[in-house]
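Per-entry structural report
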Amino acid sequence: MPTPPTYESLSSERMPRIFWVMIGVSTLLAVVIVLFLLLRGVQDGRIQSEAQRRQQIGILLQDAADLRADANPREALVRYQQVLKLDGENEEAIAGIGELLDTPLTSAPVVVVTPTPALPAPTPTSLNSLDSTWADAQALYNAGRWADAIARLLQVRATDPSFQSVQVEEMLYTAYVSLGTEKSNDGSLEEAVNLFDKALVLRPNAVETRTLRDVTAQYVDALTYWYADWPKVIDLLENLYQRNPNYRDVRQRLQKAHVEFADSLSRQDEWCDAAEQFTAAIAVQNGPGLVEKQEQAQILCESAPTPVVGDGTPLPGGTPDPAATGTPAAALAGGLGVGRILYSAQDPTDGRQRIFAQPVTASVKPVVVVEDAAQPDLRSDGQRLVFRSMRGDLRGLGSFDPATGLRLRFTNFSEDVLPSWNPEGNRITFASNREGDRRWRIYAAWADGNDNGTDLGFGQEPEWHPAADQIVYRGCDSQGNRCGLWITDSGGGNQQPLTSVPGDARPTWSPDGRSVVFMSQERDSNWDVYRVDVESGAVIRLTNSPGIDGVPAVSPDGSRIVFLSNRDGTWKLWVKPITGGAEQPLAPLGGDVGNWMEQKIQWVR
């Protein structure tokens, strides 16, 4: 007989079923609660968002009403448009826009109008598309928003060419001219010309607009040829100046073009043409130093040899050609030669160093070339001047472009001194004691502003050969012996001694490279100038005075030297034939010499 189940066995079988039922009910209840909360949160979010939207609409409508009350309809129109972005069927905003567009927002526009600050561009509403676009176009036009108005007017024309055609064309014409004038005033001249052209398509016989377009285009052409073709620039600007002397800065531009052209001619020794251009510049508008530059160019013009027919006979009113008569060309300039002497001096008033160009003609004042600079060296093509910069923020070696006035920085060390160009005009050599041991070294660097130089070895006062890869400098051999003048190449190799006196200094090549002129105190117990023949090593003394004669340079034709001297009690530039003969004073310096041994002189064409 089977044994009946006990209470304990029944309890153990029922407990699992009750347990799982309770778990299921609890889970379902939790899910229901979560879903309720989520739905409540979404609903609350929608309610909150809708409340914020309505609140923003209310604020915008109140702003629009306040702006209309303050007689600011343009801003009120913007507020209504913003309301329609939030509620496209808002009756109050639609009514407000209709009332505003029925009333002009501004007075009738004129050709030249200063636009209001940029506003958000109105957008078409859900009203009739063409009417809405036309309303936007009128509002933008009345607000002086010319670019946006043009876009809307073109949209109206594209939608229906017959819609308000006369008024649309009138508004387009005025908008093109007004926007073109704004672009011209902002300096966007090519855009201005394009807009004037579009206006003239609508009204080909508009004389004032045609004139405005032509003078603007002519001015653009002049700027395009600037620095490329000075005669063309001057012709364009002179024509424009005659038509409208008050147009932009045409007067100043014309004067500057004459001056730039004159300076360019001066660098080519075309002094007569340069004098004419300086005269023309003064006639347009006189400026500082122009009269002096014109007078100097005129003197050099009158002292220069006159071209001949071919047998030595001068052209009418001229002097015989030196080459045909056997007379040295320099004799026609008072025995001093031709060209310009570059040097630097310190202004006793403001203490600034300036590089001067002294014409090789008596009674002519020097001309300032560049400020805050010393130790000039002009490239052989005359297009770039390298120097030691004396500006506190540009210490090191720098360069100056006489044609453009551009000033560049080559090196970053204030210790870098006495730069000299290579024959190709793309590298420079210089001396510096920039290193920690403070010993003088020679460097070679690319003239691109990104090269502080390659160390070529110990030495100082380098000067690059005018036609070969040779650098003459003051130094010693590798052991520190046999000091004097030495020659090396741009890599620091092939070193050769030139002189054997340690006191020989400041060497400079003759143009043919056959000799080197230098100064020395040790040879004759006084600072004097000497010349050494590179091939034979023979040395000739060129000056002999109780004062100081030093810092020499050789003329471009190799016939003369110029040097600094205080032999008569004041520092002056003196000139002397390189083969020997009497010295002649050229001119006093344009300021204080300072430390004369830190000076550098160059004779250029």
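Values in this document were obtained by computation on a predicted structure and should not be read as measured data.

Thresholds applied
- Residues numbered from 1 in each chain as written.
- Predicted model: local features only at pLDDT ≥ 70, side-chain atom pairs only at ≥ 80, totals over all residues.
- Heavy atoms only, no water.
- Disulfide = S-S within 2.5 Å.
- Helix = DSSP H or I, 4+ residues; strand = E, 2+ residues; numbered from the N terminus.
- Buried < 20%, exposed > 50% of the residue type's maximum accessible area, 1.4 Å probe, protein only.
- Phe/Tyr/Trp six-rings, centres within 6.5 Å; stacked < 30°, edge-to-face > 60°.
- Lys NZ or Arg CZ within 6 Å of the ring centre and 35° of its normal.
- pLDDT = per-residue confidence, 0-100.
- Contact = heavy atoms within 4.5 Å.
- Salt bridge = Lys/Arg side-chain N within 4 Å of Asp/Glu carboxyl O.
- Pairing = 2+ DSSP bridges.
- Axes fitted to C-alpha atoms, helices over the stretch in contact; angles between N-to-C directions.
- Expected span 1.5 Å × (residues − 1).
- Parallel < 35°, antiparallel > 145°, perpendicular 65-115°, else oblique.
- Left-handed = near helix turned anticlockwise from the far one by under 90°.

**Quick word on the state of the cysteines**
Inspection of the entire model under this criterion finds two disulfides. Bridging Cys272 to Cys301, the disulfide has an S-S length of 1.9 Å. On the S-S bond that ties Cys272 to Cys301, the torsion sits near 90°, and the link is right-handed. With a gap of 29 residues between them, Cys272 in helix H11 (residues 271-284) and Cys301 in helix H12 (residues 290-303) connect regions that are remote in the sequence. According to the relative accessible area criterion, Cys301 is buried, its value standing at 15%.

**Observations concerning the packing of aromatic side chains**
Summed over all chains, the structure comprises 10 aromatic pairs. Where Tyr141 meets Trp146, the ring centres are 5.4 Å apart and the plane angle is 80°; that geometry is what we call edge-to-face. Side by side, Tyr141 and Trp146 carry an identical accessibility label, which is buried. One aromatic cluster is present, built from ring pairs that chain together Trp527, Trp571 and Trp596. Here Arg203 stacks its cationic end above the ring of Tyr173, 4.4 Å away from the centre of that ring. Here the basic side chain of Arg427 rests over the ring of Trp446, its NZ or CZ set 4.9 Å away from the ring centre.

**What about the confidence of the model for the protein?**
Detailed conclusions should not be drawn from predicted coordinates in areas where pLDDT is low. In this model, the protein carries a mean pLDDT of 81, and residues with pLDDT of at least 70 account for 81%. Confidence drops under a pLDDT of 50 for residues 6-14, and excluding neighbours within four residues, the segment shows one contact in the predicted structure.

**Some points on the side chain of Thr508**
Residue position: Thr508 is located in strand S16 (residues 505-509). Not counting residues within four places of it along the chain, the set of residues in contact with Thr508 comprises Glu463, Ser515, Val516, Val517, Pro552, Ala553 and Val554.

**Structural notes on the pattern of salt bridges**
On inspection of all chains with the given rule, the structure shows 30 salt bridges. Between Arg434 and Asp416 there is a salt bridge, with its nearest N and O atoms 2.9 Å apart. One end of the pair, Arg434, is in the loop between strand S9 (427-432) and strand S10 (441-446); the other, Asp416, is in the loop between strand S7 (407-409) and strand S8 (417-421), and 18 residues separate them in sequence. Here Arg434 falls in the buried class, since its relative accessible area comes to 13%. Since its relative accessible area comes to 0%, Asp416 is described here as buried. Residue Asp528 pairs with Arg541 through a salt bridge whose shortest N-O separation is 2.7 Å. Taken as a pair, Asp528 in strand S18 (residues 528-533) and Arg541 in strand S19 (residues 539-541) lie far apart in primary sequence, 13 residues in all.

**Notes on the sheet that holds S7**
Spatially, S4-S5-S6-S7 is the arrangement adopted by the four strands of the open sheet, whose pairing is antiparallel. For this open sheet the edge positions go to strand S4 (373-378) and S7, each flanked by a neighbour on one side alone. Adjacent strand axes in the sheet meet at a mean angle of 30°, parallel and antiparallel pairs treated alike. Relative to strand S5 (residues 385-389), S4 is paired through four bridges, and the arrangement is antiparallel. Within the sheet, the bridge partner assigned to Asp377 lies in S5 and is Val386.

**Digging into helix H2 (residues 73-86)**
Residues separated by three or four positions in an α-helix point in the same direction, a consequence of the helix having 3.6 residues per turn. The terminal C-alpha atoms of H2 lie 20 Å apart, and with 14 residues this matches the ideal 20 Å at 1.5 Å per residue to within 8%. Considered for burial, the residues of H2 that qualify are Ala76, Leu77, Val78, Tyr80, Gln81, Val83 and Leu84.

**Quick look at the environment of Ser515**
Position of Ser515 among the secondary structure elements: in strand S17 (residues 515-520). Looking at Ser515, the relative accessible area reads 7%, which means it is buried. Ser515 has contacts with Thr508, Trp509, Ser510, Arg531, Val532, Asp533 and Val534, leaving out every residue within four places of it along the chain.

**Describing the pairing of strand S2 (residues 353-359)**
For S2, a buried count of seven out of seven residues is recorded, marking the element as mostly surrounded by other parts of the structure. Residues Gln353, Ile355, Ala357 and Pro359 line one face of S2 and the alternating positions Arg354, Phe356 and Gln358 line the opposite face, and both faces are buried. Sheet topology note: the strand S1 (residues 340-346)/S2 ladder contains seven bridges and is antiparallel. Opposite Arg340, over in S2, you have Pro359 as the bridge partner. Counting the residues between successive antiparallel strands, the hairpin from S1 to S2 contains six residues, one of them, Gly351, with a positive phi of roughly 75°. Relative to strand S3 (residues 367-371), S2 is paired through four bridges, and the arrangement is antiparallel. Along S3, the bridge assignment pairs Phe356 with Val368.

**Focus on the packing of helix H10 (residues 250-267) against H11**
For any two helices packed against each other, the geometry is given by the interaxial angle and the distance between the axes. One can describe the packing of H10 onto H11 by two numbers: an axis separation of 8 Å at closest approach and a directional angle of 165°. By the angle class used here, H10 and H11 are roughly antiparallel. For the crossing formed where H10 meets H11, the hand is left-handed. Each of Arg251, Leu254, Gln255, His258, Val259, Phe261, Ala262, Asp263, Leu265 and Ser266 in H10 lies in contact with H11, whose residues at this interface are Trp271, Asp273, Ala274, Gln277, Phe278, Ala280, Ala281 and Val284.

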